[in-house]
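# Coordinate analysis (summary)
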Amino acid sequence: MSENVNSMKKSSDLTSMFKDTAILLVITLVSGLLLGLIYQITKEPIAVQKEMAKQEAYREVFEQADSFEEVELDTPDQQEWADAGFAGETIDEIMAAQDASGTILGYVITVTTKEGYGGDIRFTIGITEDGTVNGISILEISETAGLGMRAEEVLKPQFAGKNTTKFEYTKFGAISDYQIDAISGATITTNAVTNGVNAGLYYFQTELKGGGGNE
């Protein structure tokens, strides 16, 4: 009698275990299907939003342009890039800023720097044909609130309208066009953004200046 009871209990336990496993399997499958469905539904709107953000960034740094056309990106040699001081920077995209007749007014260069305190910082730079920086527009940044996150407020305005081959930051007050006042307490962020802008300028000077982007 005792053996029958134990056998029935084991059988019940196995049935319960299989039932629980089946329920978990169904939940997992349904969750996966729902996540896949949500991804498909949201994928296009997210892509549209990202494209809109990029277009707004182009306009912000090149208001006088009528249109923007992508230029084939000539990826810099890694060793040469590192030797120039840009091991932590990458050029992501080049757009030619054109007037209504199709004449190139300059370029919008998208740069990512990995030297930020909180991770990657990604932004666009507008550079006219004569090398003047129209300005920068920050696309992605995750710096410390109240410190590095002040890049939009403190650093961004300082690059606009400057014509120089290279910027440097200072903690003691900028006295030249090529100098940028550092964010108080956030020199790492300041250095990252400054290096990123310099990387864009270097690419412009070595690859795009004089119409190189049209070849």
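Now for a look at the structure at hand. This is a predicted model, so every value here is computed, not measured.

As a further point, take the overall build of the protein. Per the secondary structure count, the protein includes five helices and eight strands. Of the regular secondary structure in the protein, the N- to C-terminal order runs α-β-α-β-β-β-β-α-α-β-β-β-α. When the 215 residues of the protein are sorted by exposure, 35% land in the buried category. Nonlocal contacts in the protein, meaning residues at least 24 apart in sequence, comprise 56% of its contacts between residues at least 6 apart.

Counted by the stated rule, this structure contains six aromatic pairs. Here Tyr58 and Phe68 contribute two aromatic rings whose centre-to-centre distance is 5.4 Å and whose plane-to-plane angle is 45 degrees, an arrangement assigned as tilted. Of this pair, Tyr58 sits in helix α1 (residues 2-61) while Phe68 sits in strand β1 (residues 67-71), placing them 10 residues apart in sequence. Each member of the pair Tyr58 and Phe68 is classed as buried. Between the aromatic rings of Phe86 and Tyr202, the centroid separation amounts to 5.5 Å while the plane-to-plane angle is 50 degrees, which identifies the pairing as tilted. Placement of Phe86 in the loop between α2 (78-83) and β2 (89-98) and of Tyr202 in helix α5 (residues 187-208) is noted, with a sequence separation of 116 residues between them. Tyr202 sits in the partly exposed class, given a relative accessible area of 23%. Through pairs of rings, three or more aromatic residues link up here, namely Trp81, Phe86 and Tyr202.

Time to look at the sheet that holds β2. In space, the six strands of this open sheet follow the order β1-β2-β3-β4-β5-β6, with antiparallel pairing throughout. Because the sheet does not close on itself, it has two edges, and the strands there are β1 and β6 (162-163). Here β2 pairs with strand β3 (residues 104-113) via nine bridges, running antiparallel. By the bridge assignment, Ile94 is partnered in β3 with Ile109. Its contacts with the sheet put α5 on β2, β3, β4 (121-128) and β5 (132-140), and the angle it makes with β4 is roughly 45 degrees.

On to the nonpolar core. Counting 33 residues, the largest nonpolar core has Ile94, Tyr107, Ile109, Phe123, Ile125, Phe159 and Val197 as the members making the most contacts within it. Mapped by element, the contributors of at least two residues to this core are β2, β3, β4, β5, α3 (151-154) and α5. In terms of residue count, the dominant contributor to this core is α5 (eight residues). Counting eight residues, the second largest nonpolar core, distinct from the first, contains Tyr58, Ala65, Phe68 and Val108.

Bringing the environment of Ala174 into the picture now. You can see Ala174 is positioned in the loop between β7 (168-170) and β8 (179-181). The exposure class of Ala174 is partly exposed, given its relative accessible area of 33%. Sequence spacing of Ala174 and Gln158 is 16 residues, and the spatial spacing of their C-alpha atoms is 9.7 Å. Look past the residues within four positions of Ala174 in its chain and what remains in contact with it is Gln179, Ile180 and Asp181.

Together, Ile23, Leu24 and Ile27 give the surface a local cluster of nonpolar side chains, amounting to about 280 Å² of exposed area. As for its position among the elements, Ile23 is in helix α1.

Applying the stated criterion across every chain, the model contains seven salt bridges. For Asp92, the salt bridge is made with Arg122, and the minimal N-O distance between the two is 3.1 Å. Of this pair, Asp92 sits in strand β2 while Arg122 sits in strand β4, and the two are 30 residues apart along the sequence. A salt bridge links Arg122 to Glu140; the nearest nitrogen and oxygen atoms lie 3.9 Å apart. Here Arg122, found in strand β4, pairs with Glu140, found in strand β5; they are 18 residues apart in sequence, far enough to count as distant. Bridged by salt links that share partners, the residues Glu60, Glu152 and Lys156 form one connected network.

About the criteria used
Residues numbered from 1 in each chain as written. Predicted model: local features only at pLDDT ≥ 70, side-chain atom pairs only at ≥ 80, totals over all residues. Heavy atoms only, no water. Helix = DSSP H or I, 4+ residues; strand = E, 2+ residues; numbered from the N terminus. Buried < 20%, exposed > 50% of the residue type's maximum accessible area, 1.4 Å probe, protein only. Contact = heavy atoms within 4.5 Å. Phe/Tyr/Trp six-rings, centres within 6.5 Å; stacked < 30°, edge-to-face > 60°. Pairing = 2+ DSSP bridges. Axes fitted to C-alpha atoms, helices over the stretch in contact; angles between N-to-C directions. Core = buried A, V, L, I, M, F, W, Y, C linked by side-chain atoms within 4.5 Å. Patch = residues over 30% accessible without salt bridge, like charges linked within 9 Å, V, L, I, M, F, W, Y side chains within 5 Å. Areas by Shrake-Rupley, 256 points an atom, 1.4 Å probe, with all protein chains shown as cover. Salt bridge = Lys/Arg side-chain N within 4 Å of Asp/Glu carboxyl O.

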